[in-house]
Amino acid sequence: MNLADLNKVALAMVTPGKGILAADESSGTIKKRFDAIKVESTEENRRDYREMLFRSTEAMSKYVSGVILYDETIWQNAKDGTPLVKLIEQSGAIPGIKVDEGTQALPQCPGELVTVGLDKLAERLKKYYERGARFAKWRAVIDIGSGIPTMTAISVNAHALARYAALCQAAQIVPIVEPEVLMDGDHDIDRCYDVTQRVLNKTFQELRVQRVELEGMVLKPNMAISGKKCAKQASVDEVAEKTVRLLKACVPAAVPGIAFLSGGQSDEEATAHLDAMNRIGNLPWKLTFSYGRALQAAPQKAWSGKAENVAAGQRAFTHRARMNALASKGEWETGLEKKVA
Ligand code: 5MM
């Protein structure tokens, strides 16, 4: 492993003014997104949609540091035969790859999940590196509910995240470590804070045990936020203040950067929260975005599967990417939302 090179890639992924496009929806998830815009989820439509994003020259070259791809996409070519990975590289962004293989029910722990995909991971990473991937992603899913999460679910998921991260670094690939505490329930922000604290502490403990070099990774966490069904929704300032406090307590300064998931927040909420955190300032790591839904909902709607809407889809993507890029520097303002380029 060359740690200096891993650190260089990790720092590039969290460059202020840029962030990561999470375009790694698995087949089931992209089908759900396409169903919502009444587009059939065929291989060609998935390719056309992602090609539209990667050919958004302004967004990709100015505001996107890296793109997380799904296995199908990393092997796909654009309509003119250019590999999609090349389009990303040509824009100056770094190609990355989701390497987990989804979740399975965790035995003895009703309602809880464990992320799988460690078998043959070393071999798969080698192929992805040859194809151009310089970072990877693995997502653990932790749900909050009555009696959950159990320490069992937190431990097995943290262990798998660290096993994955160590294998990535051995393959000269920067691991994005994503322990996602879901915001689906009716819990309040303080319960989210407590659970996320336990999850992050266990994750960093496992990363240390398995000798993962913190300078060569990026953390992708949820924010400390109220559950979607909670009657009392925390304000933007409370989310920002509590998330920064939580991260300062759990994430070593050796980690170059933190790229948040959006987790079901609205587009503008996800931007406002990131912006408010960066306005707090004096942080030991860079804070940016690695959004899926909060970057793509608008372009998906604008595109709606029609070739004549490609330019509108690209404008919508560029706008959201720019808003989040400003938020990564604490320079976003709500008034800018009206001025779609
Ligand atoms: C883009 O969605 C990613 C893939 O999800 P599935 O494996 O469930 O299909 C997802 O991991 C994503 O990268 C993160 O959850 C962040 O996306 P959001 O939409 O929460 O910002």
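As the structure is a prediction and not an experimental result, all values here were calculated from the model.

A. The packing of aromatic side chains, seen in detail. Scanning all chains against the criterion turns up six aromatic pairs. Aromatic side chains Phe289 and Tyr291 sit 5.8 Å apart centroid to centroid with 40° between the ring planes, which places their arrangement in the tilted category. An identical accessibility class is assigned to Phe289 and Tyr291; each is buried. Put simply, the rings of Phe34, Tyr49 and Trp303 pair up and form one aromatic cluster. Arg134 extends its terminal NZ or CZ atom over the ring of Tyr129, reaching a point 3.7 Å from the ring centre.

B. The pairing of strand β10 (residues 286-291), seen in detail. Of all six residues in β10, five are buried; the element is thus mostly enclosed. Relative to β10, strand β1 (residues 19-23) runs parallel, the two sharing two bridges. Bridge pairing in β10 links Ile20 to Ser290. Sheet topology places strand β9 (residues 257-260) next to β10; four bridges connect them, and they run parallel.

C. Examining the side chain of Thr115 more closely. Looking at the element boundaries, Thr115 is found in strand β5 (residues 113-115). Within the local environment of Thr115, its side chain forms a polar contact with the backbone oxygen of Arg139, the two atoms lying 2.7 Å apart. The residues touching Thr115, leaving out its near neighbours within four places in the chain, are Asp100, Gly102, Thr103, Trp138, Arg139, Ala140, Val141, Asn157 and Ala160.

D. Main features of the sheet that holds β1. Pairing in this closed barrel of eight strands is parallel, and the strands run β1-β2-β3-β6-β7-β8-β9-β10 around the ring. Sheet strands touched by helix α6 (residues 84-91): β2 (64-69) and β3 (94-98). Its angle to β3, the strand with the most contacts, is close to 140°. Along the sheet, helix α8 (residues 151-170) contacts β6 (135-142) and β7 (174-181); its crossing angle with β6, the most-contacted strand, is approximately 175°.

E. Representation of the packing of helix α9 (residues 189-209) against helix α10 (residues 236-250) in the model. Where α9 meets α10, the axes come as close as 10 Å, and the angle between the chain directions of the two elements is 25°. By the angle class used here, α9 and α10 are roughly parallel. In the packing of α9 onto α10, the handedness of the crossing is right-handed. Contacts between α9 and α10 involve Ile189, Asp190, Tyr193, Thr196, Gln197, Leu200, Asn201 and Phe204 on the former and, on the latter, Glu238, Val239, Lys242, Arg245, Leu246, Leu247, Ala249 and Cys250. Along the lines of polarity and charge, the residues of the contact of α9 with α10 split into nine nonpolar, three polar and four charged.

Conventions and cut-offs
- Residues numbered from 1 in each chain as written.
- Predicted model: local features only at pLDDT ≥ 70, side-chain atom pairs only at ≥ 80, totals over all residues.
- Heavy atoms only, no water.
- Phe/Tyr/Trp six-rings, centres within 6.5 Å; stacked < 30°, edge-to-face > 60°.
- Buried < 20%, exposed > 50% of the residue type's maximum accessible area, 1.4 Å probe, protein only.
- Lys NZ or Arg CZ within 6 Å of the ring centre and 35° of its normal.
- Helix = DSSP H or I, 4+ residues; strand = E, 2+ residues; numbered from the N terminus.
- Pairing = 2+ DSSP bridges.
- Polar contact = N/O pair within 3.5 Å; in protein donor to acceptor, adjacent residues only side chain to side chain.
- Contact = heavy atoms within 4.5 Å.
- Axes fitted to C-alpha atoms, helices over the stretch in contact; angles between N-to-C directions.
- Parallel < 35°, antiparallel > 145°, perpendicular 65-115°, else oblique.
- Left-handed = near helix turned anticlockwise from the far one by under 90°.
- Nonpolar A, V, L, I, M, F, W, Y, C, P; charged D, E, K, R; others polar.

Worth remembering: the numbers are spatial, not functional.
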